[in-house]
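Reading the structure
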Amino acid sequence: MASTQDALYRRIDLDLSWSERDLPERVRTKHVHRLHPYLGKFIPQLVEVLLARHLPQGGRVLDPFAGSGTTLVQALESGLDATGADVAPFNCLLMRVKTREYNPFVLESELREASARLEAFEGRRPEGPISRYVRDWYAPQAAAELLFFRSLVEDYEHSDVLRIVLARAARSARRTTHFDLDFPRSPQRSPYWCHKHRRECRPVGEARRFLRRYALDTLARIREFSRVRERGRGAEVLHGDARELDFGASFDGAVTSPPYPGLIDYHEQHRYAYELLGLEECRELELGKGTSRAALTAYCEGVAAVLANVRSSLAAGAPVVIVINDRRDLYPGILEQAGLTLEERYRRHVNRRTGRRAGEFFEDILVAR
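Everything in this summary refers to the structure shown in the same document. (Residues numbered from 1 in each chain as written. Predicted model: local features only at pLDDT ≥ 70, side-chain atom pairs only at ≥ 80, totals over all residues. Heavy atoms only, no water.)

To continue, consider the pairing of strand E7 (residues 253-256). By the alternation rule, side chains of E7 split into Gly253 and Val255 and Ala254 and Thr256, which are all buried. Taken together, the two bridges between strand E2 (residues 60-63) and E7 define a ladder with parallel strand orientation. Residue Val61 lies in a different strand from E7, and its bridge partner there is Gly253. Pairing analysis gives three bridges linking E7 to strand E8 (residues 320-324), with the strands arranged parallel. Bridging from a neighbouring strand, Thr256 pairs with Ile322 of E8. (Buried < 20%, exposed > 50% of the residue type's maximum accessible area, 1.4 Å probe, protein only. Helix = DSSP H or I, 4+ residues; strand = E, 2+ residues; numbered from the N terminus. Pairing = 2+ DSSP bridges.)

Attention now moves to the packing of helix H6 (residues 104-119) against helix H8 (residues 140-152). Between H6 and H8, whose axes approach to 10 Å, the crossing angle comes to 140°. Classified by the interaxial angle, the pair formed by H6 and H8 is oblique. Judged by the sense of rotation from one axis to the other, the crossing of H6 with H8 is right-handed. Mapping the contact onto sequence places Ala114, Arg117 and Leu118 in H6 and Glu145, Phe148, Phe149 and Leu152 in H8. Grouping the constituent residues of the contact of H6 with H8 by class yields five nonpolar, no polar and two charged. (Axes fitted to C-alpha atoms, helices over the stretch in contact; angles between N-to-C directions. Parallel < 35°, antiparallel > 145°, perpendicular 65-115°, else oblique. Left-handed = near helix turned anticlockwise from the far one by under 90°. Contact = heavy atoms within 4.5 Å. Nonpolar A, V, L, I, M, F, W, Y, C, P; charged D, E, K, R; others polar.)

Further remarks concern empty space enclosed by the protein. According to the stated counting rule, one finds three cavities of 30 Å³ or more in the structure shown. Reported here for the largest cavity is a volume of approximately 360 Å³. Together, 28 residues line the largest cavity, and Phe65, Ala66, Gly67, Asp86 and Pro259 are the ones closest to its centre. As for the second largest cavity, its lining consists of Pro261, Tyr299, Ile324, Asn325, Asp326, Arg327, Arg328, Leu330 and Tyr331. (1 Å grid on protein atoms, 1.4 Å probe; cavity = no way out; pocket = protein on both sides within 12 Å on 5 of 7 lines; lining within 4 Å. Points joined across faces, edges and corners; volume = space filled by probe spheres on them.)

By volume, the second largest pocket amounts to about 320 Å³. Taken together, 17 residues make up the lining of the second largest pocket; nearest its centre are Pro126, Glu127, Leu147, Phe148 and Arg150. Contributing elements (two or more residues each) for the lining of the second largest pocket: H8 and helix H11 (271-277). Looking at the lining of the second largest pocket residue by residue, the classes come out as nine nonpolar, three polar and five charged.

Along the chain, the position of Asp364 falls in strand E10 (residues 359-368). Side-chain polar atoms of Asp364 contact the backbone nitrogen of Asp326, separated by 3.3 Å. Among the polar contacts listed, one links the side chain of Asp364 to the side chain of Arg347, at a separation of 3.0 Å. The contacts of Asp364, once residues within four sequence positions are left out, are Ile322, Val323, Ile324, Asn325, Asp326, Arg345, Tyr346 and Arg347. (Polar contact = N/O pair within 3.5 Å; in protein donor to acceptor, adjacent residues only side chain to side chain.)

Further remarks concern the environment of Leu146. Structurally, Leu146 can be placed in helix H8. What makes Leu146 buried here is its relative accessible area of 1%. Once you skip the residues sitting within four places of it in the chain, Leu146 turns out to touch Tyr138, Leu166, Ala169, Ala170, Ala207, Leu211 and Leu276.

Moving on, we come to unusual backbone geometry. Backbone geometry at Arg198 places phi at a positive 55°, although glycine is not the residue there. As for its position among the elements, Arg198 is in the loop between strand E4 (192-194) and strand E5 (199-201). In this structure, Asp329 takes a positive phi of about 55° despite not being glycine. Of note, Asp329 is situated in the loop between E8 and helix H13 (331-337). Taking the relative accessible area as the measure of exposure, Asp329 reaches 45% and is therefore partly exposed.

Summarising the sheet, E2 and strand E3 (residues 81-86) pair through four bridges and their orientation is parallel. Paired with Arg60 across the bridge in E3 is Asp81.

Inspection of the secondary structure puts Ser19 in the loop between strand E1 (9-12) and helix H2 (25-28). With 330 residues separating them along the chain, Ser19 and His349 place their C-alpha atoms 9.1 Å apart.

Let's shift gears to the state of the cysteines. Within the structure shown, the criterion is met by zero disulfides. With no disulfide of its own, Cys201 lies 3.9 Å from the sulfur of Cys194, the closest cysteine sulfur. A relative accessible area of 3% means that Cys201 is categorised as buried. (Disulfide = S-S within 2.5 Å.)

Moving on, we get to the packing of aromatic side chains. Here the structure, examined in full by the defined rule, presents six aromatic pairs. Between Tyr133 and Tyr138, the ring centres sit 6.4 Å apart and the planes meet at 65°, which makes this aromatic pair edge-to-face. Every member of this aromatic cluster is reached through a ring pair, and the members are Tyr133, Trp137 and Tyr138. For Arg60, the ring lying beneath its charged end belongs to Phe251, and the centroid distance is 4.2 Å. (Phe/Tyr/Trp six-rings, centres within 6.5 Å; stacked < 30°, edge-to-face > 60°. Lys NZ or Arg CZ within 6 Å of the ring centre and 35° of its normal.)

Put into structure tokens, the structure is as follows:
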């Protein structure tokens, strides 16, 4: 007879395992989900199915590891209220920009005016000191254009939207190879053989075209999301350590994807944003750094503390749905520490179809109460 633990495992859930043909990139990155690149996020179609399966219509969902805000955005599209928390200031900035409601005419006016002022910029050297990071990672013209655009941000009501445009452009305008935008190790100053384009390429020398392109793309994506989000639903973004935050009133469930141990340095992937926007660094509070025995112990204790805090904010019998690649089988112990009981565990096949990190793996979906 199969053990209780074995009985919790299902075969691969084909309803959650999409091929590239079923779910091309343009669909996985619809509307505001592509306001800014973010490694390690789950796709909105997965969240949509999980919300429909496990939460009541019109309910409230909590995501304590909200990251780029996929759960919050999809909840608003699915007719739920949502609260998301994250310890990283850039993540919270991105989530607020994605989920806020805008006056589209004011937003368009501000983005177009800022773009016009950038076009009139003559490339003069910025006043004041320039950080070592900016000097190293940006050509002089690119640095001047980024810093000029940064100087405009506070002139506008929708300053946070301009900050996200700036961050996205800063990512693209770095001195790096085209095939290594995720985690470049050192500035690329000379021509190189490009594996992406299969020819010799040169490092980017300016930022203006990225700023202009992303300003218009951001406007289009916010407009697109405004047409599909359900009116009367809202999202709250909390910045802080989810082990200690007060999440407030009871929720009908939690849907989340905690960081995978030792896989992604979530702070380093957005280093340019922290440098240019002057955001506070909270990387010492991030979970999932390293795979040593001590690091894994700290990870288990940290995630368990977060889930225990989440449990105290849930309505009676509400589910906690966790998406995780639990290849080390850490989560049975984590759930036990958090006072949760695992009810169901099924798997989905993941085919990473783009970038140098392309490959295949499996994710577990855990349902606990």
